[in-house]
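Single-letter residue listing:
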Amino acid sequence: MALSSETAAPEHFDVLIVGAGISGIGSAYHLQQQSPGRSFVILDALEGFGGTWLTHRYPGIRSDSDLYTFGYRFKPWTGDPIASAEAIQNYLGEVIEENDLARHIRYGHKITQAEWSSQENLWTVTAVRTDTDEKVSFTAGFLWMCQGYYRHAEGYTPDWPNMDAYKGRVVHPQTWPEDLDYKGKRVLLVGSGATAATLLPAIAPECAHITLLQRSPTYFIPGRNANDLADQLRSLEVDPAWIHEITRRRILKDQDDFTRRAFEEPHVVKQELLAGVSAFVGPEATEKHFTPRYLPWRQRIAFVPDGDLFKSVTAGQASIVDGEIETFTESGVRLKTGELLDADIIITATGFNISVLGDIAFTVDGERVDPAETVTYRGLMFTGLPNLVWVFGYFRASWTLRVDIVADFVCRLLNHMQARGAEKVEVTLRPQDRDMPRLPWVDPENFNPGYLLRSMDLMPRRGDKPEWQHTQDYWAERTALPAVDLDGPEFLYDDGVADTRSLPSAAA
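Residues numbered from 1 in each chain as written. Predicted model: local features only at pLDDT ≥ 70, side-chain atom pairs only at ≥ 80, totals over all residues. Heavy atoms only, no water.

1. Description of the packing of helix α1 (residues 22-34) against helix α11 (residues 399-420)
Two quantities define a packed helix pair, namely the angle between the axes and the distance from one axis to the other.
In step 1: Put simply, α1 and α11 touch, their axes get as near as 9 Å, and they point 35° apart. For α1 against α11, the interelement crossing comes out right-handed. Residues I22, S23, G26, S27, H30, L31 and Q34 of α1 form the contact with α11, whose participating residues are W399, T400, V403, D404, A407, D408, C411, L414 and N415.
In step 2: Per-class residue counts for the contact of α1 with α11 are seven nonpolar, seven polar and two charged. (Axes fitted to C-alpha atoms, helices over the stretch in contact; angles between N-to-C directions. Helix = DSSP H or I, 4+ residues; strand = E, 2+ residues; numbered from the N terminus. Left-handed = near helix turned anticlockwise from the far one by under 90°. Contact = heavy atoms within 4.5 Å. Nonpolar A, V, L, I, M, F, W, Y, C, P; charged D, E, K, R; others polar.)

Right under this line is the structure:
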């Protein structure tokens, strides 16, 4: 294999994990436990572990999912259900230390390309060291993509007219500057999702005033940042591992019921959600500012611990304005209604940019592969990309739930390949699937956040059958993925074995 003169001889690993965030760390743990003896490396472009929880440093940054399900199934969570970034980082640090994972991680390695050779059954991965700009390369038998689904370097800010005319400072939460002084300042916070709901109560007490400008309201679930079941079990001195498992199962059962009801009786669920908000701000403000245009679960629903967002509004520290920006002015923005909103600082909590498979340039035997031209197998493998899995989590449940069950699948697949003597596996459409329609990654009528709608053309396609889509249904996948027949016709191996159903398959 020809090497660039700027690139040293590649290091080889059985498995290369991309990303040292919550997906990559969890996947590495499972690889060690379920498929031991394999060499592996974790590459991350950042200076440390944590991914989202390292890059996002805006005030108040916290999870919008409970940590009993956002945490790993194998590592008990003992803190508050909604946790700060610092607490999550500490949790991940403990997983790394307890399982001796640090020696496998290379920080400051930004991957630029990945080339598959069918002759050698290897991926060659090229990365640039962010500290020296040196090109380095690795070979690996299998790529485990755990880099998430958005670009860490910058968030999404709409290109509003005349932004250059504004004399104040425009800030995106994803790249929060350490020197930003908002004390005593008039702040305009644009957005209505979980980030805005987190930021507002964190900075409102120190601002002269903060105005939340929202194009459309979001559903929220306010409540105590505590879990009564877990607290009761702790008072009985139950083993922490048992507390974690029992509480996790209870939350998953409740979430399953809630998700099902959101589709079976959406208007009933809508009124229940609005009643929770009304308890803090009253029915008039709820109807005016907190009643979304869409039905529940068409976008993520954020938990508001102790109703802190709404308390900031009722305390007079913050106000809500509904509308859309027509143009920036020297002192703020003018809305399409003609209303002027002046501000010293404008914060654009307006979302992020999708990154498909880390924006890495993929080639297979010298031919560039466009992910948008592939079809996904269960939202984790892709036609035309051998020996590769992408961890893409859930929208309506905690991301990490899928980290665990995809890891079970990958380890079972790796062990099965070893049992067959195969070095290559690729998913392919079965004869009965070849004429099925190629559909967007998700159904926009079913789930339609802006970041997905803006980038749907970049995402892999799905089919109209469960095998060829990311169903977003954890409660179905937790039994469906372990039951996948790895000798099914959708899996092509390079070993020439026609049928190995009699071979023992490693337990997940």
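2. Considering the confidence of the model for the protein
In step 1: Confidence along the protein averages 94 in pLDDT terms, with 96% of residues attaining 70 or more.
In step 2: Within the model, the stretch residues 1-5 combines pLDDT values under 50 with seven contacts to residues more than four positions away or in other chains.
In step 3: For residues 499-508, every residue scores under 50 in pLDDT, and the model assigns this stretch 14 contacts once sequence neighbours within four places are set aside. (pLDDT = per-residue confidence, 0-100.)

3. With respect to α1
In step 1: The terminal C-alpha atoms of α1 lie 18 Å apart, and with 13 residues this matches the ideal 18 Å at 1.5 Å per residue to within 8%.
In step 2: Most of α1 sits inside the fold, with eleven of its 13 residues counted as buried.
In step 3: Within α1 the residues assigned to the buried category are I22, S23, G24, I25, G26, S27, A28, Y29, H30, L31 and Q34. (Expected span 1.5 Å × (residues − 1). Buried < 20%, exposed > 50% of the residue type's maximum accessible area, 1.4 Å probe, protein only.)

4. A few points about the nonpolar core
In step 1: Core analysis: the largest hydrophobic core is formed by 134 residues, its most contacted members being L16, W144, F362, M381, F409 and F491.
In step 2: Examining the composition of this core, we find that twelve residues originate from one element, α11, more than from any other.
In step 3: Beyond its immediate stretch of four places on either side in the chain, L16 contacts V41, L43, I111, V125, F138, A140, F142, L143 and W144. (Core = buried A, V, L, I, M, F, W, Y, C linked by side-chain atoms within 4.5 Å.)

5. Remarks on the sheet that holds strand β8 (residues 169-171)
In any sheet, the strands associate via hydrogen bonds between backbone groups, in a parallel or an antiparallel arrangement.
In step 1: With parallel pairing, five strands are arranged side by side in an open sheet as β8-β17-β9-β10-β13. The sheet is open, and its two edges are formed by β8 and β13 (318-322), each paired on a single side. Each strand axis lies, on average, 20° off the axis of its neighbour in the sheet, ignoring direction.
In step 2: Looking at chain direction, β8 and strand β17 (residues 345-348) are connected through three bridges and run parallel. If you follow R169 over to β17, its bridge partner there is I345. (Pairing = 2+ DSSP bridges.)

6. What to know about the packing of aromatic side chains
In step 1: Throughout the structure, instances matching the rule amount to 34 aromatic pairs.
In step 2: For the pair Y149 and Y451, a centre-to-centre distance of 5.9 Å together with 65° between the ring planes defines the contact as edge-to-face. A residue pair is termed long-range when its members are at least 10 positions apart, and Y149 in the loop between β6 (135-145) and β7 (150-155) and Y451 in helix α12 (residues 450-455) qualify at 302 residues. No difference in accessibility class separates Y149 from Y451, as the two residues are buried. (Phe/Tyr/Trp six-rings, centres within 6.5 Å; stacked < 30°, edge-to-face > 60°.)

7. A word on the side chain of T383
In step 1: Secondary-structure assignment places T383 in the loop between β22 (381-382) and β23 (388-390).
In step 2: By relative accessible area, which is 16% here, T383 ends up buried.
In step 3: One polar contact links the side chain of T383 to the main-chain amide nitrogen of V375, over a distance of 2.9 Å.
In step 4: If we skip the residues at most four places from it in the chain, T383 touches T374, V375, V427, T428, L429 and W468. (Polar contact = N/O pair within 3.5 Å; in protein donor to acceptor, adjacent residues only side chain to side chain.)

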